[in-house]
Structures are given as C-alpha cells and as structure tokens.
Amino acid sequence: MKVLVIGSGAREHALCRALSLDPDVTALHCAPGNAGIAEVAELHTVDALDGVAVAELAASLEAELVVVGPEAPLVAGVADVVRARGIPVFGPSAEAAQLEGSKAFAKDVMAAAGVPTARAYVCTNEAEIDEALDAFGAPYVVKDDGLAAGKGVVVTSDIATAREHALACGRVVIEEYLDGPEVSLFAVTDGETVVPLQPAQDFKRAYDGDEGPNTGGMGAYSPLPWADPKLVDEVLATVLQPTVDELRRRGTPFSGLLYAGLAITSRGVRVIEFNARFGDPETQVVLARLKTPLAGVLLAAATGRLDALAPLRWSDGAAVTVVVASHNYPGTPRTGDPITGLGEVAEQDAPKAYVLHAGTKRDVASGDVVSAGGRVLSVTATGSDLVKARERAYRAVARIGLDGSHHRSDIAAKAAEEAGPGAASD
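Thresholds, definitions, all that
Residues numbered from 1 in each chain as written. Predicted model: local features only at pLDDT ≥ 70, side-chain atom pairs only at ≥ 80, totals over all residues. Heavy atoms only, no water. Axes fitted to C-alpha atoms, helices over the stretch in contact; angles between N-to-C directions. Helix = DSSP H or I, 4+ residues; strand = E, 2+ residues; numbered from the N terminus. Left-handed = near helix turned anticlockwise from the far one by under 90°. Contact = heavy atoms within 4.5 Å. Nonpolar A, V, L, I, M, F, W, Y, C, P; charged D, E, K, R; others polar. Core = buried A, V, L, I, M, F, W, Y, C linked by side-chain atoms within 4.5 Å. Buried < 20%, exposed > 50% of the residue type's maximum accessible area, 1.4 Å probe, protein only. Polar contact = N/O pair within 3.5 Å; in protein donor to acceptor, adjacent residues only side chain to side chain.

(A) Molecular detail of the packing of helix α7 (residues 126-136) against helix α8 (residues 159-169). α8 packs onto α7 with a crossing angle of 145° between their chain directions and a minimal axis gap of 10 Å. Relative to α8, the crossing made by α7 is right-handed. Only I159, A162, R163, A166 and L167 of α8 make contact with α7, whose side of the interface consists of E126, I129, D130 and L133. For the contact of α7 with α8, the class distribution of residues is six nonpolar, no polar and three charged.

What follows is the structure in structure tokens.
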C-alpha cells in the first residue's frame, strides 16, 4: 500500500522507519518530514493543520493510508477531512481527540466510564484556583486544560509557582498528586476492539536524577522489568476498553492510538492523562520491539477490522532511546548548529543502534544537517536486555556532535541495574 505520514518529529521518523521495513508498503511519503525522514520517505510540503491541504496531498499521491502523527492536527480535525475524502486514516476525529485536547473533557469521560484517576477541580478564575490548591495541598499538580506540547503541567511543592502557572493557563485542571512510578501504555483501536502495545517509561525532567523543568521527554525504555506481568491486561480491562466504550456511547468513537499515561500508586493504577496519538519518545522504543509489520496494524484500525488482526508479535529483548537536546532546551532552543557523527553511527552501530531525527533540517547552502528545534535527535538502540540496549545507545550518543547540546545520562539506568543482564544471547 501507499502510505502518507503527517508530522516532522522523531515519533514520525520512528513510524516511517517501521513502515519502510514493512514489505506491504510500496510507497512511503511524509509531510513535512525532516532531514532523517528524507532517507526513508519522500518528503512533501504541507500545512499539517490544514485538513483540506492534507487531504489534497493524500489524494494526489493516491495514498491508501494516512497516519497523522502529532496531536495538534488531530485536534484541528485533519483526520475528519481526510476520512471524508474516502481515504483510510489512522487518527481520531476532532471530537474524540478532545480526550487530549481538553483535560476537563478527559476527566468527564473517565468519570462516566468509571476509570480510576486523580481527583481534580476544573478552575476558571482566581478564587477557584486558590480553593483547589488549598484543598489538595502540596505537592501541587497544575495542568493547562488545552494542548501544551507536553509542557503544560507543573508539579511543585511551591504554592507560588503552582499559582502562577494556574493563573497563566486560563482554564486549568488542578488535581491530587499521584505517588508511584509512571508508565506509558499505548493501544491501537478502531472504536470497538482495543489492542494494547507493550508498556514503556519515559523521562520528563530535563536533567539527571529527574531534576530541572518538565520537557516533552528526554528518553524512554521498554520493557519494564519491575512492572506486574498482569499490568497490561488490567489496564485494558479497567482503563482502555471502558474509555473506548464510553466515547462510542457518546457518538464520538475513538479510532487511532489511545495513549494512557499511568501512575502505579499505592492504591492501584490511576490515569494521569490521555493522549490521542503515539507518544514521543516512547514510540521510539515500542516500535523498536514490535515484530509485526506496522502498516497492516494501522490499516486494520483505520478500517474497523482490528477484531480480525492476529496477535501482535514482540521482541523478547529491550530498547532504549536517549534524546539529544539543543542548547537551552526546554527554554528557547538555539538552532542552526551543525550535527556531526550521524554517518559514524550508521556505519558502526546500525542496525542495533540508530538515530531518529526530531528537530533537524538540511542546510541548503552547506548541505549539512543542522539543528532546527529543541529536541534534536532520539538515539535508539536494542539489545537482549536493558543493560545491552543502554550500552549501545550511549555509545552511539557519544559519536554525536552538536555544540551546546545536552542529554540525560541516566535513561533506564535504575531499571537496568535492578533487572541485571538477561540470559539471552545478543
């Protein structure tokens, strides 16, 4: 089939890489893409938020599947316009994407579906904000109600910081703090059938030891050796399926990728948030472990045929991704710096380690690949266990040169230490 992927980040590079390895994909296109995606897909210029433009591009390419990567086009209704042209699209409608687009909407759906989550107040003025902060106490969890590119959440013990963020948000969700480790679990759904993927854990804070400000994600790993083996089945039964059923009951069926951000608390699993698309950087490690060809899975979801899909096949090994970020990220990042070492990774580390591009572009004058965003690269590696995957990922990171860049050195370190080396050969 001919596939068009919409987006330009490392998530889309991971999707394009997986699709490029699928023998059923005869032509692969991406819009707008980036310097790395250009190596596996034909790039096209498009306004990703313009549904008519995306649909026109898909029709001109005779695409048989459109995969919408980022959240903003989904909330803007791009999938609706493409679907209306009769082209199968992997991604929810604008109404269903409000599960990510509005934290308040997500809380309402969870309450109706009986999904376990944190107690919360939706606040629209100063008096309500102060009342909610007082009711819950520290640590304070303050979430912008709308889309904020993964950076709209503040978790702090300082009430002044919490209050400042809340007042800046307009409409805001203030909720109780959830203790325990966090888990990301993706599920592919056609609005009825729900097929969970393998869980992953990402690292939101900018610096080692979970210090510094929240980011869009500085790295991830999968599998989670410390997690209960029954976790996926439990989340499917108590979170994913009830949510999909409730949205269908409301007349806004959710078709695409449902992402549950979870806290494994002392009182059980609780939903922190939902996203309506593949997460970044978790996608990089989840797809690295998926052995089932990807295109057929996404097409089955887009065409309502997930119930006929064979069980997904997974690698027994592990995957780790480390994000290389530009100078000053997550503040205002510096861009335009040359990136070196990409060829060395391709020559010496592939296919066990490889680079997925996020904020990159090719400089027209020099031909060099240069930084063009905050999170620049996701260096991803696989191995028989987390120890081996970490070792490969950081060896590849060491080959990368980007002036002023930074990355975390502790991605998956604790999990790898606790799990120890596995028995599998590599």
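(B) The nonpolar core, seen in detail. The biggest cluster of nonpolar side chains holds 76 residues, and the ones touching the most others in it are L4, V66, L240 and V320. In terms of residue count, the dominant contributor to this core is helix α9 (residues 231-249) (seven residues). Leaving out residues up to four positions away in the same chain, L4 has contacts with H29, C30, A31, V54, L57, A58, L61, A63, L65, V66 and V67. One finds M1, L28, L294 and L356 within the second-largest nonpolar core, a separate group that totals 46 residues.

(C) The arrangement of the side chain of H357 in detail. Note that H357 resides in strand β20 (residues 353-357). For H357, the side chain forms a polar contact with the main-chain nitrogen of G36, separated by 3.3 Å. Those residues in contact with H357 that sit more than four places away from it in its chain are G9, A10, H13, N34, A35, G36, L342, V369, V376 and L377.

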